[in-house]
Amino acid sequence: MSRHPATMPAVAYRTSLPIDDPASLEDLELPVPEPGPRDLLVRVEAVAVNPVDYKVRQGADPGGAPRVLGWDAAGTVVAVGDQVTLFQAGDHVYYAGALDRPGANSRFHTVDERLVGPKPATLSFAEAAALPLTALTAWEGLFERLGLRHGTLEQTGTLLVTAAAGGVGAITTQLARTLTGLTVIGTASRPETVEFARRMGAHHVIDHRRPLTPQLAAVAPGGVDHVFGTAGTDRNLAAYAEVLNPFGQIVAIDDFDALDIGALKAKSISFHWEFMYTRSMFQTPDQATQHRILAQVARLVDAGLITTTATRDLGPINAANLREAHRVLESGTAIGKTTLTGWAPGASG
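Numbers given for residues are sequential positions, taken from 1 along each chain in its written order. Only residues with pLDDT of at least 70 get local features here, since the model is predicted, and only at 80 or more are side-chain atom pairs given and counted; chain-wide, interface and lining totals rely on the full set of residues. Where side-chain values are given, they derive from all heavy atoms of the structure, hydrogens and water being excluded.

(A) Structural view of the overall build of the protein. Counting its secondary structure elements, the protein contains ten helices and 16 strands. Its C-alpha radius of gyration of 20 Å places the protein within 12% of the 20 Å reference for a compact globule of 349 residues. Its C-alpha atoms give the protein principal-axis dimensions of roughly 65 × 45 × 35 Å. Accessible area is worked out with a 1.4 Å probe on protein chains only. A residue is then buried under 20% of its type maximum, exposed over 50%, and partly exposed in between. Here the protein holds 349 residues, and the buried ones make up 55% of them. Two residues form a contact once any of their heavy atoms are found within 4.5 Å. Restricting the contact set of the protein to residue pairs at least 6 apart, pairs at least 24 apart contribute 71%. The accessible surface values rely on the Shrake-Rupley method and a 1.4 Å probe; as for residues, cover is taken only from the protein chains in view. Surface summary for the protein: the accessible area is close to 14,100 Å², and the carbon and sulfur share equals 53%. Positive charges come from Lys and Arg, negative ones from Asp and Glu, while His and the chain ends are left out of the count. A single reference atom marks each charge: NZ on Lys, CZ on Arg, CG on Asp, CD on Glu. Positive and negative side-chain charges in the protein, numbering 29 and 36 respectively, have mean positions lying 3 Å apart. Helix and strand assignments come from DSSP, with helices taken as H or I runs of at least 4 residues and strands as E runs of at least 2, each series counted from the N terminus. Only C-alpha atoms enter the radius of gyration; for comparison, a globular chain is expected to reach 2.2 Å times N to the power 0.38, where N is the number of residues.

As structure tokens, then:
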């Protein structure tokens, strides 16, 4: 590791605090990590922020030990473990990493190569950093959990995507519109989010602050075949049971305490969970699937078929800017993805 500094700037938290507390996220100097056998050591150039960041910060108190968050990153490989075969030093990469390892809000970061994709060549580091977590969630939800056939444009039917202007909703809408023949209905409630959902490819946009059933009857008189629930699944389940066709499907990524799935039985509606960290958390044999998904997403981006969902960059990666990013997400008003790019002058590396 003599080619790299011994320490690096990082942003971490030591105890769960409200985001307005200056100690909720702090600038620290931490040791540069050593890559394991399958790891890449990445010099982080940009990160994006997701709800998982503030949920971990709020709900997992590290008891005084610094914990680094950040599960969307893009950067340059500077060293590799002795069993790495997919990448080499100098490669530009993007990834969401593993929830049970330190996050990427640090100048250098180690990540298993099987969870990493080649950065889309046509995107900046920040534009690329906005994509991995949400693209993996969307791809797995659509094509693994729901079993849709990607690249089969003859596949017809109707897909409802809730919060279609959010990070996951925006890329789900793009992938469904680009790779299937489904009619995509998004939900949004403000003029700016409605416009963004349409720009992402939604055929129709309805208001999730109003009852869904009559709005869906108007735009999808033949019923709905699939639901990708990013928010409000428990609140909307009765509506889904009503509007979904027999043998319809729901995939959900949001959090709630209980769900009355008995309402789905009469139509044989199936319910699926999507959690893109399952593979890394349980070390499943097919972890490299995420490498392949990210490589395919990069190809779609470079072909001009899908675009980044980055909408706002807050500047260098530091505690003050990350606190602002958490604040935006906690407010529930974010459109697309919020990114941070680069490090303050003089940052090691």
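Next comes the rest of the write-up.
(B) Representation of the pairing of strand S6 (residues 92–95) in the model. For strand S5 (residues 73–80) and S6, the ladder comprises four bridges, and the chain directions are antiparallel. Residue pairing in the sheet places threonine 76 in a bridge with histidine 92 of S6. By this definition, two strands are paired if DSSP reports at least two bridges between them. Bridge analysis of S6 against strand S8 (residues 116–118) gives three bridges, and the strand direction is antiparallel. Of the residues in S8, the one forming a bridge with valine 93 is proline 118.

(C) Molecular detail of the packing of aromatic side chains. Each Phe, Tyr or Trp ring, with Trp reduced to its six-membered ring, pairs with another whose centre is within 6.5 Å; inter-plane angles below 30 degrees give stacked pairs, above 60 give edge-to-face pairs, and intermediate values give tilted ones. Summed over all chains, the structure comprises four aromatic pairs. With 5.3 Å between their ring centres and 25 degrees between their planes, phenylalanine 256 and tryptophan 273 make a pair best called stacked. Highlighted residues: phenylalanine 256 in the loop between strand S13 (244–252) and strand S14 (270–273) and tryptophan 273 in strand S14, separated in sequence by 17 residues. Each ring, one from phenylalanine 275 and one from tyrosine 277, has its centre 5.8 Å from the other, and the planes form 70 degrees; the classification is edge-to-face.

(D) Focus on the pairing of S5. The element S5 is extensively covered by neighbouring structure, given that seven of its eight residues are classed as buried. Bridging between strand S3 (residues 39–49) and S5 involves seven bridges; their strand directions are antiparallel. Bridge assignment links leucine 41 to a residue of S5, and that residue is alanine 79.

(E) Geometry of a nonpolar patch on the surface. The patches described consist of residues with a relative accessible area above 30% and no salt bridge, like charges being joined within 9 Å and nonpolar side chains (Val, Leu, Ile, Met, Phe, Trp, Tyr) within 5 Å. Definition used for salt bridges: Asp or Glu carboxyl oxygen within 4 Å of a side-chain nitrogen of Lys or Arg. On the surface, a cluster of nonpolar side chains totalling about 310 Å² of accessible area is made up of Phe275, Met281 and Phe282. Among the secondary structure elements, phenylalanine 282 is positioned in the loop between helix H8 (278–281) and helix H9 (288–302).

(F) Structural context of the layout of surface pockets. For the largest pocket, the calculated volume is near 1,300 Å³. Cavity means a closed set of points on a 1 Å grid over the protein atoms alone, one where a 1.4 Å probe fits but cannot get out, pocket means an open set with protein on both sides within 12 Å along at least 5 of 7 lines, and lining means a residue has an atom within 4 Å of a point. Pro51, Lys55, Ala163, Thr230 and Ala231 are, among the 47 residues lining the largest pocket, the residues nearest its centre. Counting only elements with at least two residues in the lining of the largest pocket, the list comes to helix H1 (51–59), helix H3 (132–145), helix H4 (167–179), helix H7 (233–243), helix H10 (319–331) and strand S16 (337–341). The element contributing the most residues to the lining of the largest pocket is H1, with five residues. Under the scheme applied, nonpolar residues are Ala, Val, Leu, Ile, Met, Phe, Trp, Tyr, Cys and Pro; charged residues are Asp, Glu, Lys and Arg; polar residues are all the others, including Gly. Grouping the constituent residues of the lining of the largest pocket by class yields 20 nonpolar, 18 polar and nine charged. Grid points are joined across faces, edges and corners, and a volume is the space filled by probe spheres set on the points. Roughly 180 Å³ of volume is contained in the second largest pocket. Taken together, 14 residues form the lining of the second largest pocket, with Met8, Leu30, Val68, Pro102 and Gly103 sitting closest to its centre. Elements with a contribution of two residues or more to the lining of the second largest pocket: strand S2 (26–31), strand S4 (67–68) and strand S7 (108–112). At three residues, S7 tops the list of elements feeding residues into the lining of the second largest pocket. Along the lines of polarity and charge, the residues of the lining of the second largest pocket split into eight nonpolar, four polar and two charged.

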